[in-house]
Amino acid sequence: MNNIQNQKSGLAKLMATENLTVQHAKTYTASFDPKNRILTCPIWTEMSGDLYDLLMGHEVGHAIDTPADGWHGAVHDRGRSYKGFLNVVEDARIEKRQKRRYPGLRKSFINGFGELMNRDFFGLKGRDINSMSFIDRLNLYTKSSYTMDIQFNDIEQDFVERVQACESFEEALKLTDEIWDYSKEEQQQTEMPQDDFGYEFDEDGEESETGFGDGDAETDGKGKQKAKTKARGEDGDQESDDSSDGDGEDDEDGEGTKSAKSDGESEDDESSEESEQGNAINRYKESKSLSDGLDDFEPRCETDENFRANETSLIAKNAREYVYLDIPAPNLKNIVTPAKRVQELLTEDFSKQRQDYQQVANNLYADFRKKNERYISLLAKEFEMRKAAQRFAKAKTASTGDIDISRVFKYQIDDNIFKKIMRVPKGKSHGLVLLLDKSGSMSENLTASLEQILILALFCRKVSIPFSAYGFGNSESVRHMDFPSDPSFDEYGTVIAKSYSTGCFSEKEGDLQLSSVYLREMINSKMSNSEFSNAVKNILCIMDAFQYRYSYGKFFQRPKSESLSNTPLTEALIASQPVIKEFRKLNNLDIVNLCVVHDGDADTTTSYHNNGTRNYYRVGYQNVFLCDKKEKLQFELSDDENGARIAVSKWLTKTTGAKIIGFYLAPDSQVRNVIRRRFVNDEVLAADDSNKKYTWEWKCATNEVYSKYAKIFRKNKYLESKNDGYESFFIIAGGNDLNVGDDTFDAPDKVTATSLSKAFGKFTKNRQVNRVLVSRFIGMIAA
């Protein structure tokens, strides 16, 4: 989005004192939808800051002051031209109120109008403004902030002053009706034939004595015409004053100011003119009653029509189209499988595979505890020490007001004789929601990933940190096992529903179109001791089943409920939003960390719902935004294959406050590509001119950067990357490098203080590297 558009979108929200939805489109002018609170701004070419301020200030004025029902009802109850008349009066009213609220807009309104005049928006080139109809002169006079030198007769001047004093929409509506009736007679008489002496004729061919055919002159009783000129500045004087309201009103009492009199005008002349003006108004009201039967004629506001016609010429024809897509609402009953159901399926499957399932599971559990229990205890101790250190670092000592008896003897030489108390602030409560990728490419990484998740689960349970771990994917066979009564499937588990997402997300007009997704809860902190122990054993059995490339392990085959699929990460993040909100609420948490463990980027999303069909958006050719109408949020999709995932990640963080931590498992075959994508390209392009891309110098630079990061990765087995949408993003060596080794400490052959120190340091470092998922998480939540 253009930088000025970003700035003005924020300006609109500030002026409206509410979180308006600001959108841009190839439309003729700015507009406001009062019902849905959506402000639509045009994509104009050569748009200046003053003109943008004028449009924003004007439309925000409608957002604050114009009622939705009354506005649309008034427009449609009258003729087609009536809308232009109501626009003139209502625009004058809301602009006056906006300039009263924000005095800084006065100059922008004047400069913006001047820009529109220079572009001949109102079709005035080569024309005498004072010869135009009253509604056109009124439109220009109010739009110019009452600075143009325009003539009005006494009746019209009364209308002008009433427009200036208008405060409510009801007043504007009533006044528009009167101006409409006056303009109907005025413009109708103007179109009647006249003789050479300027007399008008009515429909019967008789001379007309009304004297208001030209709309800006009246007879003085002696056959001569007398023009009234009312040229005023913003404060009612000949010269404009920036300190005035710009609308001829008094800010304190809200009453409009009257016309300024000339210096030589006497009191008698003033009272005589007022009397003459009153008589003219009375004569107008009498003549109005005679023309009530002439209702077929519709007056026009020519300047308003010209404005609308000329808007098309200012549209930025080459500008990208703006597409606004809604984030669909997840249907959690078709997405989330409770841990109880997941464990039931696992227990049922493993029991059928082996009669000694329980004995094997118990042995696997004993081996796991022997291997990791000491390490988990050390992690818990380290966590408590870090947590305590952080708390005491923020501790403050204060006086209690009670005298310390042991210090009373010092009262003559020391004021510090009161008891002290140390106030230690309570640390923030943390929680963890974990998403594990259950895609096909995770097959080789699943055993090691599950082991680290179990270590993390046992650690959280030991130190009383709320947690919940989910596996995510979109295998339809797994969803059928989780939801056997789902009408989307037949009795054999075949998908029969027409819905693309099989009921997982809403499919309203404009919703982003997503695939199906499941969140299968594996383990959580709310389980009882027996439930937790059984869940750990089942997960250990899954680890055994996935430890080889084949579909079976040492003791168990891969369960049918653990079939792998694609990587619907974008869908999983959207579905996680209400899950995280509920998790935070139930556990009364200050901070929730969302950990995502995966080995590939999210599946691409390219379409949205439109009239029951799939419409495709093109990020490279359109400005595409994901919108949350409820929260009034918009996130632009970057021109990247992960654009949707990045936008959804930012939305998730904004709406839940959760920190998203990514762990990307990179097997040996993908390390080079991952490092280039996450580090090399961004770093080289940031340092060099993008015009050098793909040149020999650019290739040399990329190779140099890659070598630097590859060396760090080989040494530490992980890299911390900058990845948009994540709080932190770690690239971890996958495959065998991800496996958690044992905690055996090999003492050196020649035992000395130095050799022992080095060996122990290497042992500790390797242990931390092998358990990088756990150690990094602890470092974050202990702060």
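What you see is a predicted model; the values in this text were computed from it and never measured.

1. Things to note about the state of the cysteines
Then comes step 1: The tally for this structure, following the rule as stated, stands at zero disulfides.
Then comes step 2: Not part of a disulfide, C595 finds its nearest cysteine sulfur in C460, a span of 8.9 Å.

2. What to know about the packing of helix α4 (residues 82-101) against helix α6 (residues 134-143)
Then comes step 1: Running from N to C, α4 and α6 point in directions that differ by 20 degrees, and their axes come no closer than 10 Å. The angle between α4 and α6 falls in the class roughly parallel. As for the relative orientation of α4 and α6, their crossing is left-handed in sense. The segment α4 lies against α6, with F85, V88, D91, A92 and E95 engaging I135, L138, N139, T142 and K143.
Then comes step 2: Residue classes in the contact of α4 with α6 are distributed as five nonpolar, two polar and three charged.

3. Comments concerning the packing of aromatic side chains
Then comes step 1: A complete count under the given rule lists 21 aromatic pairs for this structure.
Then comes step 2: Consider the rings of F134 and F152, whose centres lie 6.0 Å apart with planes at 85 degrees: the pair is edge-to-face. Of this pair, F134 sits in helix α6 while F152 sits in the loop between α6 and α7 (154-165), and the two are 18 residues apart along the sequence.
Then comes step 3: Their ring planes at 25 degrees and their centres at 6.0 Å tell us that F350 and Y357 sit as a pair that is stacked. Accessibility classification places F350 together with Y357 in one group, the buried group.
Then comes step 4: The rings of F134, Y141, Y146, F152, F159 and Y182 are connected pair by pair, giving a single aromatic cluster.
Then comes step 5: The lysine or arginine in question, R461, covers the ring of F532, its NZ or CZ lying 4.3 Å from the ring centre.

4. Description of a nonpolar patch on the surface
Then comes step 1: On the surface, Y548, Y550 and Y552 cluster together into a nonpolar patch covering about 370 Å² of accessible area.
Then comes step 2: In this fold, Y548 is placed in the loop between α15 (529-545) and α16 (569-587).

5. Examining the sheet that holds strand β2 (residues 31-33)
Strand pairing in a sheet is mediated by backbone hydrogen bonds. Such pairs are either parallel or antiparallel.
Then comes step 1: The strand order across the open sheet built from three strands is β1-β3-β2, with neighbouring strands paired in mixed fashion. Among the strands making up the open sheet, the edge pair consists of β1 (21-25) and β2. Geometrically, the sheet is characterised by an average inter-axis angle of 25 degrees between neighbouring strands, direction not taken into account.
Then comes step 2: Note that β1 and strand β3 (residues 38-42) share five bridges and pair parallel. Paired with A25 across the two strands is P42, which belongs to β3.
Then comes step 3: Sheet strands touched by helix α2 (residues 49-65): β1, β2 and β3. Its angle to β3, the strand with the most contacts, is close to 155 degrees.

6. Things to note about α16
Then comes step 1: With 19 residues, α16 should cover 27 Å at 1.5 Å per step; its first-to-last C-alpha distance of 25 Å lies within 8% of that length.
Then comes step 2: Along α16, the largest kink reaches about 35 degrees and is centred on S576; proline P578 follows within four residues of it.
Then comes step 3: Positive backbone phi, approximately 50 degrees, marks N588, located one or two places after α16.

7. Quick look at the sheet that holds strand β8 (residues 321-326)
Then comes step 1: Reading across the sheet, the three strands line up as β8-β18-β19 and stay open at both edges, with mixed pairing between neighbours. In this open sheet, the two strands that pair with only one neighbour each are β8 and β19 (633-636). Put simply, the sheet's adjacent strands are angled 30 degrees from each other on average, direction ignored.
Then comes step 2: The sheet contact formed by β8 and strand β18 (residues 622-628) spans six bridges and is parallel. Looking across to β18, one finds that E321 is bridged to Q622.
Then comes step 3: The sheet contacts of helix α17 (residues 643-656) involve β18 and β19, and relative to β19 the element is tilted by about 150 degrees.

8. Here we look at the nonpolar core
Then comes step 1: Ranked by size, the top nonpolar core spans 57 residues in total, and within it L435, L519, L594 and Y617 carry the most contacts.
Then comes step 2: Here this core takes eight residues from α16, the largest share from any one element.
Then comes step 3: Ignoring any residue separated from it by four or fewer positions in sequence, one finds L435 in contact with Y470, F472, L519, A572, L573, S576, L594, C595, V596 and V597.
Then comes step 4: With 55 residues, the next largest nonpolar core counts F350, Y357, A545 and F546 among its residues.

9. What to know about the pairing of strand β22 (residues 728-733)
As a general feature of sheets, a regular strand has side chains that alternate between the two faces.
Then comes step 1: The element β22 is largely enclosed, with a buried count of six among its six residues.
Then comes step 2: Where strand β20 (residues 659-666) meets β22, six bridges bridge the pair, whose relative direction is parallel. Residue pairing across strands places A666 opposite A733, the latter belonging to β22.
Then comes step 3: In textbook terms, the turn of a hairpin is the stretch between consecutive antiparallel strands, and for strand β21 (residues 718-721) and β22 this stretch comprises six residues, one of which, G725, has a positive phi near 100 degrees.

10. A look at the pattern of salt bridges
Then comes step 1: A complete count under the given rule lists 26 salt bridges for this structure.
Then comes step 2: Measuring nitrogen to oxygen at the nearest pair gives 2.8 Å for the salt bridge that ties R93 to E90. Of this pair, R93 and E90 both sit in helix α4, three residues apart, roughly one helical turn. Like R93, the residue E90 is buried in the burial classification.
Then comes step 3: Note that E476 is salt-bridged to R479, the shortest N-O span being 3.7 Å. Here E476 and its partner R479 are both found in helix α14 (residues 476-482), three residues apart, which amounts to about one turn of the helix.
Then comes step 4: The network of salt bridges with shared partners includes D65, K96, R97, R100, R101 and E167.

11. Quick look at the packing of α4 against helix α8 (residues 169-190)
Then comes step 1: As a packed pair, α4 and α8 sit with axes 9 Å apart at the nearest point and diverge in direction by 135 degrees. It follows that α4 is oblique to α8 by the angle criterion. Like other packed secondary-structure pairs, α4 and α8 cross with a definite hand, here right-handed. Facing Y82, F85, L86, V89, E90 and R93 of α4, the residues of α8 in contact are F169, A172, L173, L175, T176, D177, I179, W180, S183 and Q187.
Then comes step 2: A per-class count over the contact of α4 with α8 returns ten nonpolar, three polar and three charged.

12. Let's talk about helix α10 (residues 302-310)
An α-helical turn contains 3.6 residues, so any two residues separated by three or four positions project in the same direction.
Then comes step 1: Turning to α10, its buried residues number three or more, namely T303, D304, N306 and F307. Considered in projection along α10, the buried side chains sweep an arc of 160 degrees and stay on one side of the axis.
Then comes step 2: Residues of α10 that are buried in the fold lie against α4, α5 (105-118) and α6.

13. Some remarks on the pairing of β19
Then comes step 1: By the alternation rule, side chains of β19 split into L633 and F635, which are all buried, and Q634 and E636, of which none is buried.
Then comes step 2: In the sheet, β18 pairs with β19 via four bridges, with the strands oriented antiparallel. Among the inter-strand pairings, F625 is bridged to a residue of β19, identified as E636.
Then comes step 3: Hairpin connection, β18 to β19: the antiparallel pair is bridged by four residues, and K632 has positive phi, about 60 degrees.

So, how was this worked out
Residues numbered from 1 in each chain as written. Predicted model: local features only at pLDDT ≥ 70, side-chain atom pairs only at ≥ 80, totals over all residues. Heavy atoms only, no water. Disulfide = S-S within 2.5 Å. Axes fitted to C-alpha atoms, helices over the stretch in contact; angles between N-to-C directions. Helix = DSSP H or I, 4+ residues; strand = E, 2+ residues; numbered from the N terminus. Parallel < 35°, antiparallel > 145°, perpendicular 65-115°, else oblique. Left-handed = near helix turned anticlockwise from the far one by under 90°. Contact = heavy atoms within 4.5 Å. Nonpolar A, V, L, I, M, F, W, Y, C, P; charged D, E, K, R; others polar. Phe/Tyr/Trp six-rings, centres within 6.5 Å; stacked < 30°, edge-to-face > 60°. Buried < 20%, exposed > 50% of the residue type's maximum accessible area, 1.4 Å probe, protein only. Lys NZ or Arg CZ within 6 Å of the ring centre and 35° of its normal. Patch = residues over 30% accessible without salt bridge, like charges linked within 9 Å, V, L, I, M, F, W, Y side chains within 5 Å. Areas by Shrake-Rupley, 256 points an atom, 1.4 Å probe, with all protein chains shown as cover. Salt bridge = Lys/Arg side-chain N within 4 Å of Asp/Glu carboxyl O. Pairing = 2+ DSSP bridges. Expected span 1.5 Å × (residues − 1). Bend = angle between axes of the 7 residues up to and from the residue. Core = buried A, V, L, I, M, F, W, Y, C linked by side-chain atoms within 4.5 Å. Arc of directions from axis to C-beta.

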